[in-house]
Amino acid sequence: MAEDTVPQRLQAFIANHVGSIELLEVLLLMHAERDRAWAAEEVGARLRLSAVSASQHLVALRQRGLLSVALAGDAVYRYQPSPALAGVVDELAQLYRERRLLVADLVATRPRSKLRLFADAFKFRKEE
């Protein structure tokens, strides 16, 4: 399956919502265990990430409308996307099970944001 055979909605979802393989792994963990509420430390331990990194990914997924958060002491997150996003994440999880390297390649080569491209324009470069 080539990139052009990956449905456009999945390509767009990855480009707009999945900034890294780590974030993808957090999303897919939350998707697979959707009946459970997770603290950042638990996600970090399960995926071998630091609690800080896990927390950043959980916050990012929450901001993208894929998780809900409850504040009772520590924040706990639960998979709770909108119906429109739920179907796309279901498809993404299936594709990842079947073609892990293809999905990883799509994440790694996703178009960079316009903001990042703008910021990169101001990086100092050695003159040749």
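The structure this text deals with has already been given above.
Residues numbered from 1 in each chain as written. Predicted model: local features only at pLDDT ≥ 70, side-chain atom pairs only at ≥ 80, totals over all residues. Heavy atoms only, no water.

## As for the overall build of the chain
Across its full length, the chain holds 7 helices and 2 strands. Counting from the amino terminus, the chain carries its helices and strands in the arrangement α-α-α-α-β-β-α-α-α. Within the span of the chain, comprising 128 residues, buried residues form 35% of the whole. A fraction of 56% describes how many contacts in the chain between residues 6 or more apart in sequence connect residues 24 or more apart. Summed over all atoms, the accessible surface of the chain reaches about 8,300 Å², with 54% contributed by carbon and sulfur. (Helix = DSSP H or I, 4+ residues; strand = E, 2+ residues; numbered from the N terminus. Buried < 20%, exposed > 50% of the residue type's maximum accessible area, 1.4 Å probe, protein only. Contact = heavy atoms within 4.5 Å. Areas by Shrake-Rupley, 256 points an atom, 1.4 Å probe, with all protein chains shown as cover.)

## Some details on the packing of helix α2 (residues 21-32) against helix α5 (residues 83-98)
Their axes nearest at 11 Å, the elements α2 and α5 cross at an angle of 110°. Considering the angle they form, α2 stands roughly perpendicular to α5. Here Leu 24, Glu 25, Leu 27, Leu 28 and His 31 of α2 come into contact with α5, specifically with Val 89, Asp 90, Leu 92, Ala 93 and Tyr 96. Partitioning the contact of α2 with α5 into residue classes produces 7 nonpolar, 1 polar and 2 charged. (Axes fitted to C-alpha atoms, helices over the stretch in contact; angles between N-to-C directions. Parallel < 35°, antiparallel > 145°, perpendicular 65-115°, else oblique. Nonpolar A, V, L, I, M, F, W, Y, C, P; charged D, E, K, R; others polar.)

## Here's the deal with the pairing of strand β2 (residues 74-79)
Bridge analysis of strand β1 (residues 67-72) against β2 gives 6 bridges, and the strand direction is antiparallel. Residue pairing across strands places Ser 68 opposite Arg 78, the latter belonging to β2. Counting the residues between successive antiparallel strands, the hairpin from β1 to β2 contains 1 residue, one of them, Gly 73, with a positive phi of roughly 80°. (Pairing = 2+ DSSP bridges.)

## Comments concerning the packing of aromatic side chains
According to the stated counting rule, one finds 0 aromatic pairs in the structure shown. The ring of Trp 38 has Arg 36 sitting right over it, with the charged end atom 3.7 Å from the ring centre. (Phe/Tyr/Trp six-rings, centres within 6.5 Å; stacked < 30°, edge-to-face > 60°. Lys NZ or Arg CZ within 6 Å of the ring centre and 35° of its normal.)

## Some remarks on α5
Helical geometry: 3.6 residues make up each α-helical turn, so side chains three or four residues apart lie on a common side. Across its 16 residues, α5 extends 23 Å between first and last C-alpha, which sits within 8% of the 22 Å expected from 1.5 Å per residue. Where α5 is buried, its residues contact α1 (8-17), α2, β2 and α6 (100-108). (Expected span 1.5 Å × (residues − 1).)

## Quick word on α1
Taken together, the buried positions of α1 are occupied by Leu 10, Gln 11, Phe 13, Ile 14 and His 17. Buried positions in α1, seen along its axis, are confined to an arc of 165° and lie on one side of it. With respect to the buried face of α1, the exposed residues turned more than 90 degrees away are Gln 8 and Asn 16. Tucked into the core, α1 has its buried residues touching α2, α5 and α6. (Arc of directions from axis to C-beta.)

These figures come from the coordinates and say nothing about function on their own.
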